[in-house]
Structures are given as C-alpha cells and as structure tokens.
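Observations on chain architecture
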Amino acid sequence: MSDSTPIFNDRNTGRSKLINPTLVLNCGSSSIKYALISEDESTRITGLAENLGLDTARIKHTTLNGEKLEITIPGGRHELALQKILALLEQYHFIAVGHRVVHGGREYSKAVRVDQHVLDEVKRLKILAPLHNPANALGIEAVEAIYPDIPQVVVFDTAFHQTMPPVAYRYPIPKALYEEEKIRRYGFHGTSHAYVSERASTLTDTKGPHGWLTAHLGNGCSASAVYNGESLDTSMGLTPLEGLMMGTRSGDVDPSLHIHLKRKLGMSLEEVDTMLNSESGLLGISGLSNDLRTIEQAANEGHKDAQLAIEMFCYRVGKYLASLSCALPDFTGIVFTGGIGENSSTTRARILDVMRHFGINFDADKNDELVGGAEGNFQEQDSSIELWVVPTDEECQIAKETRQALGLK
Ligand code: ADP
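Since this is a predicted model, take the numbers as computed values, not measurements.

Regarding the layout of surface pockets
Estimated volume of the second largest pocket: approximately 480 Å³. What lines the second largest pocket is a set of 25 residues, among which Ser 109, Lys 110, Phe 160, Gln 397 and Glu 401 lie closest to the centre. Contributing elements (two or more residues each) for the lining of the second largest pocket: α6 (190-203) and α15 (394-405). Looking at the lining of the second largest pocket element by element, the count peaks at six residues for α6. Along the lines of polarity and charge, the residues of the lining of the second largest pocket split into eight nonpolar, twelve polar and five charged.

Remarks on the pattern of salt bridges
Applying the stated rule across the entire model yields 16 salt bridges. Salt-bridge contacts for Glu 141 lead to Lys 123; the nearest nitrogen and oxygen are separated by 2.7 Å. Residue Glu 141 is located in helix α3 (residues 133-146), and its partner Lys 123 is located in helix α2 (residues 116-124); the two are separated by 18 residues in the primary sequence. Assessed through its relative accessible area of 36%, Lys 123 is described here as partly exposed.

Thoughts on the sheet that holds strand β5 (residues 68-72)
Spatial strand order, β5-β4-β3-β2-β1-β6-β8-β7: eight strands in an open sheet with mixed pairing. With partners counted over all chains shown, the strands left at the sheet margins are β5 and β7 (112-113), one partner each. Bridge analysis of strand β1 (residues 22-27) against strand β6 (residues 96-101) gives four bridges, and the strand direction is parallel. Along β6, the bridge assignment pairs Val 24 with Gly 98. Packing against the sheet, α2 makes contact with β6, β7 and β8 (152-156), and its axis sits at approximately 35° to β8.

Let's talk about the pairing of strand β11 (residues 230-234)
β11 sits mainly inside the fold: four of its five residues count as buried. As paired strands, strand β10 (residues 221-227) and β11 are joined by four bridges and run antiparallel to one another. Residue pairing across strands places Tyr 227 opposite Glu 230, the latter belonging to β11. A loop of two residues connects β10 with β11, the two strands running antiparallel in sequence, and Asn 228 in this loop sits at a positive phi of about 50°.

Re the packing of helix α7 (residues 257-265) against helix α8 (residues 269-278)
Between α7 and α8, whose axes approach to 10 Å, the crossing angle comes to 120°. Compared by their axis directions, α7 and α8 come out oblique. Crossing hand, α7 versus α8: right-handed. Contact residues: Leu 257, His 258 and Leu 261 in α7; Leu 269, Val 272, Met 275 and Leu 276 in α8. When the residues that make up the contact of α7 with α8 are grouped by side-chain class, the tally is six nonpolar, one polar and no charged.

A few points about the packing of aromatic side chains
Given two aromatic rings, their pairing is described by the distance between the two centres and the angle made by the two planes. Under the defined criterion, the tally for this structure stands at six aromatic pairs. The interplanar angle of 80° and the centroid separation of 5.4 Å between the aromatic rings of Phe 94 and Tyr 147 together place this pair among those described as edge-to-face. Taken together, the positions of Phe 94 in the loop between α1 (78-89) and β6 and Tyr 147 in the loop between α3 and β8 put the pair 53 residues apart, joining distant regions of the chain. The class of Tyr 147 is buried, set by a relative accessible area of 15%. Judged by centre distance (6.4 Å) and plane angle (35°), the rings of Phe 336 and Phe 378 are tilted. With a gap of 42 residues between them, Phe 336 in strand β12 (residues 333-337) and Phe 378 in the loop between β13 (376-377) and β14 (386-389) connect regions that are remote in the sequence. Side by side, Phe 336 and Phe 378 carry an identical accessibility label, which is buried. A cation sits over an aromatic face here: Arg 106 above Tyr 178, 5.1 Å from the ring centre.

Calculation notes
- Residues numbered from 1 in each chain as written.
- Predicted model: local features only at pLDDT ≥ 70, side-chain atom pairs only at ≥ 80, totals over all residues.
- Heavy atoms only, no water.
- 1 Å grid on protein atoms, 1.4 Å probe; cavity = no way out; pocket = protein on both sides within 12 Å on 5 of 7 lines; lining within 4 Å.
- Points joined across faces, edges and corners; volume = space filled by probe spheres on them.
- Helix = DSSP H or I, 4+ residues; strand = E, 2+ residues; numbered from the N terminus.
- Nonpolar A, V, L, I, M, F, W, Y, C, P; charged D, E, K, R; others polar.
- Salt bridge = Lys/Arg side-chain N within 4 Å of Asp/Glu carboxyl O.
- Buried < 20%, exposed > 50% of the residue type's maximum accessible area, 1.4 Å probe, protein only.
- Pairing = 2+ DSSP bridges.
- Contact = heavy atoms within 4.5 Å.
- Axes fitted to C-alpha atoms, helices over the stretch in contact; angles between N-to-C directions.
- Parallel < 35°, antiparallel > 145°, perpendicular 65-115°, else oblique.
- Left-handed = near helix turned anticlockwise from the far one by under 90°.
- Phe/Tyr/Trp six-rings, centres within 6.5 Å; stacked < 30°, edge-to-face > 60°.
- Lys NZ or Arg CZ within 6 Å of the ring centre and 35° of its normal.

Structural data, given as structure tokens:
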C-alpha cells in the first residue's frame, strides 16, 4: 500500500497473542516496510522506515500497546534503519524473517530459504530489477549480520506467475533472446494475486474449479487470470511497465515509441524509460497527480484532462480483463484489490461498464458500500459472473509462505 495509507494496524491485542511471530520485510529503494505477524495471523505490529538516505529519514513504529513512535535517523540508510527496526522488535522473539523480493527470474516458482546461492541469485537478478533486488539483498544481509541463526526466506513477486504456459509468457521475438537472455514475461504483484484469488475461492459459494480475474489497482496496477490457484496469464511482463495504465507508468505503448522519440526529439533510451515509468499514466494524462483521489476531485469539478485520465484508466483495465478472460477455462468472477480497487466504487463501476458484453449485473448500492477495507461481493443474482472486493494482505501472504518454506505451522 502507498505511504498515504494508514501505517499502523492496531490489531495488537496483547503481547501474549504475538506467538511465534514472523517478521516480514519489504525493502524498497528508499523505504522499508515491516510487519511482525503472529503464527495464527491474528496479531501484528507494522511500521515503515522512509526517506532513507535523506535528512528526513525516519521510522514510524507502533508498539504493541498502540503507542506511536517516530524515530528520526537523519541521513540513515538501509543498514541503520534495519538495525533500529530489529532492535525495536527483538523483544518479541521472531522465529523467521520473510523478505519480499521483486524478481526471482526463471529460477524460482515458490518461496525458498535463504542460503548463499539464493542470496547470490537475488543479487544477480538485479539486471531484471535494478531498483528493487539490490535493496532486497541489503535487507537479507543486514538481518544475517545481526541474527545469523534466524532462518530467512525470500518470497518472490514473480514466483506465483511461474505457472503461466509458454503461450502466455513468451514474446513473439527471436527464440535466442528467450533461451540466452531470458527475455520473457514474468509478471509481478504475485503475492497479492495469490492472496486475493485464494481468499475469493474461500469466500464464494460456487463449487468446483474457480477461474478468477484479479485486478490489483494501486499505484502499480496489474491483472491476472488465476485458475484453481494457478496464474495462467498476467498483464505485467519482463518488467512492471507492461500492461495496465498506472499511477505514473504508461503500461502498454507501441514498442516503436522509443525509436520514434529518439529520431524525432533526440531523446535517449534512458530518458524515454524515465518518461514511461515516472511521468506517464494517470499523472501524464491528468497533468495533476498520480493519486486517483486528487484526479477524481478535479474531474468532478470539470477538469477535462482528469476526466480523460479516469476514462482511459478504466477503459484499459476493462479491455485487459476482457482479453485475460480468454486464459480461463471457466470464468467465476473478478476480484478487485489495491488502493483503487478497494476504495473507488466509481472506478469499479466504470470498468464493468467497459465489459458490457459479458452479461455482468451488479448492485450499485452494495458496490458503494465496499470501500475502506470492506470485503464482500456485489453481483446481482442474474449476473454471469461474481464480483468481489478483497483487501489485499501481502504481508500475511509472505508470512504464510515463509512458514511453509520452513516447514513451520
Ligand atoms: P501502492 O501500489 O503504492 O501500494 P496503493 O495500493 O496504496 O498503492 O494504492 C494507491 C492508489 O489508491 C492511489 O491512486 C490512491 O489515490 C488510491 N486510493 C486510495 N484510497 C482511495 C479512495 N478512497 N478513493 C479513490 N482512490 C483511492
């Protein structure tokens, strides 16, 4: 979730409930999100170290009693922040650490325990995730230095999508680029797609195999086709730039755009890459912000570019979901998640309007009620498919996969 979402989950009901906790770490390029989650997943402490490397670097932490702490660490980088975080959590005797790692390449189709080989692979895969994998590796090494005896596990964002068949993961480009350079579609947001599809399968009354389209719509956005718990296709590709329009990322554009902009404007490949990753999407079209709340407000006040940004966003999600439905042998329903998917009922309604030939029918009031962390469905009885809102919980999924990888409960 973004920095703007509540940082502290006050689910803390007492130290005695924080039994055999797993520490989940998500080390980004300038931030570290953490969560300490009890074995039964009912209790957790969460926090965030942000602005790492800057004068404003700080840790926001809540104690088990609900007391909020802010610790400033001016200029502090990952190592210092992790030392402080580990010192804050030491008293709870965590039994394992699970790291979110962005890229697992072709090698990893599930979470694995960290050893030297795994750590080397995480570093080597920097070529596929230059901003993320190095920060993830730093986190592993910092924990190893302080707690060499606590088992660590890496949970890859790409792993869930390793079940995709070649027809979905190959690009129609020369074979040697796949075989020698591993150029293929990997997909991301795997822990979120895994969590919400499994949750929807648990919640639904429908028996038999389940085919879900999961729409993770946050700052980063991706959609997946998940059949019987296996990802069969997804919208992100070699990198998280492919697919849906996002907060600042363009999603799909003509691959010839790079050469065109080079010829026409003399832009370098790096400049085009930055433009597509950081200056496009909702921000690029609206000219206002990457935050949908700001854009929705401006659109309501008549801002034409904000209105177009929302229309394009919804059109592109609907179009992608329609095409991803081809991957599913059976289409049980759509699951919305992520900051936008969980909170913007108008966006959900617009996306479903784009898919008007699918025989989807939904209860508008129920849709409006499913915001702010609510979980539930909103299809009418005669709808061709089910419609669910499931708040994602990537930390919980990482803690679960960490325990599984270690053969713990
Ligand atoms: P990230 O990908 O960084 O984890 P989030 O999942 O937190 O992002 O989603 C951030 C997006 O969710 C932003 O575009 C934000 O505007 C949007 N969002 C959050 N709450 C609401 C809301 N109540 N209404 C509309 N959009 C919302």
